[in-house]
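Working through the structure, step by step
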Amino acid sequence: TPTAVAALTVTTALKRAPRMMSRLYRRDAAIGLADILLRFDVQDVPRSLIDFRIFREELAGLSETEMREKAFSGEDIVTLPQIVHAAPISDHFPEFGSAEPERSVAGIGFKDQQYGENDEIAWFAAEIDSKLEADASLTQEWCDRLADAADALGYRNYRIWLVSPEGFSDGALDNLADRNGFGSSRRQAELLREFLSGTGAASGPPTAVFEVVIPTGGEAELVAAHALEEIARRNEFPAKTVNQIKTAVVEACINVSEHSLSPDGKIHLKFAVSKERITITVSNRGLRLTDKTVAGTADEQGRRGWGLGLIRNLMDEVRVVPVDDGSRIEMTKYLEPAKKNS
C-alpha cells in the first residue's frame, strides 16, 4: 500500500542518515589536497612546512604567532614542482578504490617549468587517519598503496606525500625518507597552503622578478651581466653596487658552467628586485656542486673555493643549495646600507 511504501522509504532514509552525515562531515573536514597541490608552481618553501621531523624539532611548543613566523622564514628549503592537474587517484586508477576520493590525490606536473618527457613528475598524496602520530606500519601500508598506483599508471618519477592529523613517528618518517617521500601534520598542510597563497608571509615592498636562461659556456655569462645592468639601470642602483653584483653574477655563472653536467646545457637565472634588495638565483641541473667537490681534483676545488669566496665578499648573503636535480646559488645584495645586518 502507499502507506507501507512511505513508511519503508522514511525508515530506510533514517537508517542511512548517520552514515550520510558522517560522510558529509569527513568530506567537509578534508584538508583539500588537490587544492594545495594545484598551488605548487616551482616555489621555494621552508622544509619545516612539509617535513614533520623538522616541524616537530624546531616549532613544537611555540605560540601560534611564533610558529608561523619561524615556519615562514626557514632557510632550509624545498623546491616544489609545477603541478598542472590534480584529481583523486581513483579517477586515474579505479582499482585504487576509495570511499573518500578527495583524501587520496594525484598531482601531475613538471619539475622546473621544463616541459620535456623526462621533466614530468607526479605527486601522490593521501590524508590518513591516526589519533596519535601515524606509526611505521600504517605509513608503510600507505606508501605501498601509493607506490602501486604510481607504478600501475606508469609514473617512474614520483613523490609520496602523506598528511596525518598529529604527524608521524620516527619510524614512520624513516619509512617515508626511504621512499623519497614527505610526511606532514595537518597543521603543516594548513600553513603550507597559507604560505603558497601569499597570505602568511610577512608583508614587504613589491618585488619584481625577471628570469633569464643562458647556455653554458661560450662566455654566455656576459649575457647575464648585461641583463643585470638593464635591471640596475631601471631601478637606479648605485654604480659601485652594480659592479659588485655584476662580478658576482659572472663568477656564479662560470662556476656553474664549469662544473655542471646539465643535460639541457642551460643556466637558469632569476632576479628578484625590491627597493630594499636584489636576490639573484643561479641554477644548474644534472649535478650538485657538493657532489662535484667530493669527486673533483684539488685544483678544481681550489678554483671553486676561490670563486665562492669572491662572491661572498661581493654580496651580503650567499647560499649554495643542493636541490633534487642539481644546485642553486642564491645571492642577496641589500640596496640600503641600514638593512644589511637586519
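Residues numbered from 1 in each chain as written. Predicted model: local features only at pLDDT ≥ 70, side-chain atom pairs only at ≥ 80, totals over all residues. Heavy atoms only, no water.

As a further point, take the overall build of the chain. Helix and strand counts for the chain come out as 12 helices and 12 strands. Of all 342 residues assigned to the chain, the portion counted as buried reaches 44%. Long-range contacts, defined here as pairs at least 24 residues apart, represent 69% of the contacts in the chain between residues at least 6 apart. In the structure as shown, the chain presents an accessible area of about 17600 Å², 52% of it carried by carbon and sulfur atoms. (Helix = DSSP H or I, 4+ residues; strand = E, 2+ residues; numbered from the N terminus. Buried < 20%, exposed > 50% of the residue type's maximum accessible area, 1.4 Å probe, protein only. Contact = heavy atoms within 4.5 Å. Areas by Shrake-Rupley, 256 points an atom, 1.4 Å probe, with all protein chains shown as cover.)

Quick look at helix α8 (residues 186-197) now. The end-to-end C-alpha distance of α8 is 17 Å, a good match for the 16 Å that 12 residues give at a rise of 1.5 Å each. Inspection of α8 places Q188, A189, L191, L192, E194, F195 and L196 among the buried residues, and these make up the whole buried set. The elements touched by buried residues of α8 are α2 (33-37), β1 (44-46), α3 (52-59), α4 (64-72), β6 (158-164) and β7 (182-185). Phi for G198, located one or two positions after α8, is positive at around 85 degrees. (Expected span 1.5 Å × (residues − 1).)

Turning our attention to the side chain of N175. Here N175 shows up in helix α7 (residues 170-178). A residue is classified by how much of its surface remains accessible, and N175, at 16% relative accessible area, is buried. Residues within four places of N175 in sequence aside, it is in contact with A136, T139 and Q140.

Here we come to the side chain of Q43. Its place among the elements puts Q43 in the loop between α2 and β1. A distance of 2.4 Å separates a polar side-chain atom of Q43 from the backbone nitrogen of D41. Residue contacts for Q43: discarding those within four places in its chain leaves V78, T79, L80 and L196. (Polar contact = N/O pair within 3.5 Å; in protein donor to acceptor, adjacent residues only side chain to side chain.)

Moving on, we get to the sheet that holds strand β4 (residues 104-110). Whenever strands of a sheet pair, they do so through backbone hydrogen bonds, lying parallel or antiparallel. In spatial order, the strands read β3-β4-β5-β6-β7; together these 5 strands make up an open sheet with mixed pairing. Looking at the sheet topology across the chains shown, the edges are occupied by β3 (82-88) and β7. Averaged over neighbouring strand pairs, the angle between their axes works out to 20 degrees when direction is ignored. Across 4 bridges, the pairing between β6 and β7 is parallel. Residue W161 lies in a different strand from β7, and its bridge partner there is F182. Sheet strands in contact with helix α6 (residues 136-152) are β4, β5 (120-127) and β6, and its direction is about 145 degrees off that of β6. (Pairing = 2+ DSSP bridges. Axes fitted to C-alpha atoms, helices over the stretch in contact; angles between N-to-C directions.)

The next subject is the pattern of salt bridges. Under the defined criterion, the tally for this structure stands at 20 salt bridges. With a closest N to O distance of 3.4 Å, D76 and R47 form a salt bridge. Here D76, found in the loop between α4 and β2 (77-79), pairs with R47, found in the loop between β1 and α3; they are 29 residues apart in sequence, far enough to count as distant. Note on R47: relative accessible area 24%, which makes it partly exposed. The closest approach of N and O atoms between E127 and R186, which form a salt bridge, is 3.1 Å. With E127 in strand β5 and R186 in helix α8, this pair connects stretches of sequence that are 59 residues apart. Judged by relative accessible area, E127 falls into the buried class, the value being 9%. For R186, a relative accessible area of 27% gives the class partly exposed. Three or more residues joined by partner-sharing salt bridges are found here, namely E64, E100, R103, E127, D129, R186, R187 and E190. (Salt bridge = Lys/Arg side-chain N within 4 Å of Asp/Glu carboxyl O.)

Per the stated rule, a full pass over the model turns up 8 aromatic pairs. Aromatic side chains F40 and W123 sit 5.1 Å apart centroid to centroid with 90 degrees between the ring planes, which places their arrangement in the edge-to-face category. Here the residue F40 occupies a position in the loop between α2 and β1, and W123 occupies one in strand β5, the gap between them amounting to 83 residues. The exposure class assigned to W123 is buried, which follows from its relative accessible area of 1%. Ring geometry for W123 against W161: centres 6.2 Å apart, planes inclined by 75 degrees, an arrangement best described as edge-to-face. Residue W123 is found in strand β5, and its partner W161 is found in strand β6; the two are separated by 38 residues along the sequence. (Phe/Tyr/Trp six-rings, centres within 6.5 Å; stacked < 30°, edge-to-face > 60°.)

Bringing the nonpolar core into the picture now. Counting 52 residues, the largest nonpolar core has L37, F40, W123, F124, W161, L162 and L192 as the members making the most contacts within it. Broken down by element, the residue count for this core peaks at 6 residues, all from β5. Counting residues in each nonpolar core, the second largest holds 31 residues, with C253, I278, V318 and I329 among its members. (Core = buried A, V, L, I, M, F, W, Y, C linked by side-chain atoms within 4.5 Å.)

In short, geometric facts, not functional conclusions.
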